Amino acid sequence: MDALYTAVATATHGREGRAVSSDGVLDLALGTPQALGGNGQGTNPEQLFAAGYAACFGSALGLVGRGAKVDVSDAAVTAEVSIGKQGEGFGLAVTLRVELPDSVDEATGRKLVEQAHQVCPYSNATRGNIEVDLVIE
């Protein structure tokens, strides 16, 4: 791969620390969610992953939409990232909920979402590693 951009962020003190990007644009407190025994006072890694995946998938959908001459600029992508026990450790699962504009018919929408799933870097990184469900709403 020829890198076009490299993001750099540093996290300290794990789930109860802070995450800061090298340019300082991202600077936030981290916290363990209440469901995992924390106080929920801060952003958690699953939320960060969900936000990144949703944004990236939305961009991929826009790319394939433009290629197909279908306007999906009003689409919204919601990523639900779940964490749970997997063997001796933990694993993730993702559901991507894609809301397409009413002007996009079901068959076209399904095709574009599946094409976006082939193009999106997050989808490519997770393929074969974690379960990703695509839901068109």
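The model shown is predicted, which means the values in this text are computed figures rather than measured ones.

About the criteria used
Residues numbered from 1 in each chain as written. Predicted model: local features only at pLDDT ≥ 70, side-chain atom pairs only at ≥ 80, totals over all residues. Heavy atoms only, no water. Helix = DSSP H or I, 4+ residues; strand = E, 2+ residues; numbered from the N terminus. Expected span 1.5 Å × (residues − 1). Buried < 20%, exposed > 50% of the residue type's maximum accessible area, 1.4 Å probe, protein only. Contact = heavy atoms within 4.5 Å. Polar contact = N/O pair within 3.5 Å; in protein donor to acceptor, adjacent residues only side chain to side chain. Salt bridge = Lys/Arg side-chain N within 4 Å of Asp/Glu carboxyl O. Axes fitted to C-alpha atoms, helices over the stretch in contact; angles between N-to-C directions. Left-handed = near helix turned anticlockwise from the far one by under 90°. Nonpolar A, V, L, I, M, F, W, Y, C, P; charged D, E, K, R; others polar. Phe/Tyr/Trp six-rings, centres within 6.5 Å; stacked < 30°, edge-to-face > 60°. Lys NZ or Arg CZ within 6 Å of the ring centre and 35° of its normal. Arc of directions from axis to C-beta.

Draft legend 1. Examining helix H1 (residues 45–67) more closely. Spanning 23 residues, H1 covers 33 Å between terminal C-alpha atoms, matching the ideal 33 Å at 1.5 Å per step. Every buried residue belonging to H1 is among Glu-46, Ala-50, Gly-52, Tyr-53, Ala-54, Cys-56, Phe-57, Ala-60, Leu-61, Gly-62, Val-64 and Gly-65, and all of these are buried. Residues of H1 that are buried in the fold lie against strand E4 (76–86), strand E5 (89–99), helix H2 (106–119), helix H3 (121–126) and strand E6 (131–136). Its side-chain oxygen 3.0 Å from the backbone nitrogen of Glu-46, Asn-44 forms the N-cap of H1. Residue Lys-69 follows H1 closely and has a positive phi angle near 60°.

Draft legend 2. Structural detail: the side chain of Asn-44. Inspection of the secondary structure assignment puts Asn-44 in the loop between strand E3 (27–29) and H1. A polar contact of 3.0 Å, which involves the side chain of Asn-44, links it to the backbone nitrogen of Glu-46. If near-sequence neighbours (up to four positions away) are discounted, Asn-44 is found in contact with Arg-15, Gly-31 and Pro-33.

Draft legend 3. Highlighting the pattern of salt bridges. Using the criterion set out here, one finds five salt bridges in the structure. Ionic pairing is found between Glu-46 and Arg-15, a salt bridge with its closest N-O pair at 2.5 Å. Here the residue Glu-46 occupies a position in helix H1, and Arg-15 occupies one in the loop between strand E1 (9–12) and strand E2 (18–21), the gap between them amounting to 31 residues. Judged by relative accessible area, Glu-46 falls into the buried class, the value being 9%.

Draft legend 4. Molecular detail of the packing of H1 against H2. Interhelical geometry of H1 versus H2 gives an angle of 115° and a closest axis separation of 8 Å. The handedness of the crossing between H1 and H2 comes out as right-handed. Between H1 and H2, the residues in contact are Tyr-53, Phe-57, Ala-60, Leu-61, Leu-63, Val-64 and Gly-65 and Leu-112, Val-113, Gln-115, Ala-116, His-117 and Val-119, respectively. Its residues assigned to classes, the contact of H1 with H2 shows 10 nonpolar, three polar and no charged.

Draft legend 5. Representation of the packing of aromatic side chains in the model. All chains considered together, the criterion is met by three aromatic pairs. Plain terms: the ring middles of Phe-49 and Tyr-122 are 5.7 Å apart, the flat faces sit at 50° to each other, and that makes the pair tilted. Of this pair, Phe-49 sits in helix H1 while Tyr-122 sits in helix H3, and the two are 73 residues apart along the sequence. The exposure class of Phe-49 is partly exposed, given its relative accessible area of 23%. Through successive ring pairs, a cluster of aromatic residues spans Phe-49, Tyr-53 and Tyr-122. Just above the ring of Phe-90 sits the side chain of Lys-85; from NZ or CZ to the centre is 5.0 Å.

Draft legend 6. Examining H2 more closely. Taking 1.5 Å per residue as the helical rise, H2 with its 14 residues ought to reach 20 Å, and the 20 Å between its terminal C-alpha atoms agrees with that figure. Listed as buried for H2 are Gly-109, Leu-112, Val-113, Ala-116 and His-117. Taken down its axis, H2 places every buried residue within 140° of arc, on the same side. When the buried face of H2 is taken as reference, the exposed residues oriented beyond 90 degrees from it are Ala-107 and Lys-111. Each element contacted by the buried residues of H2 is listed here: H1, E5, H3 and E6.

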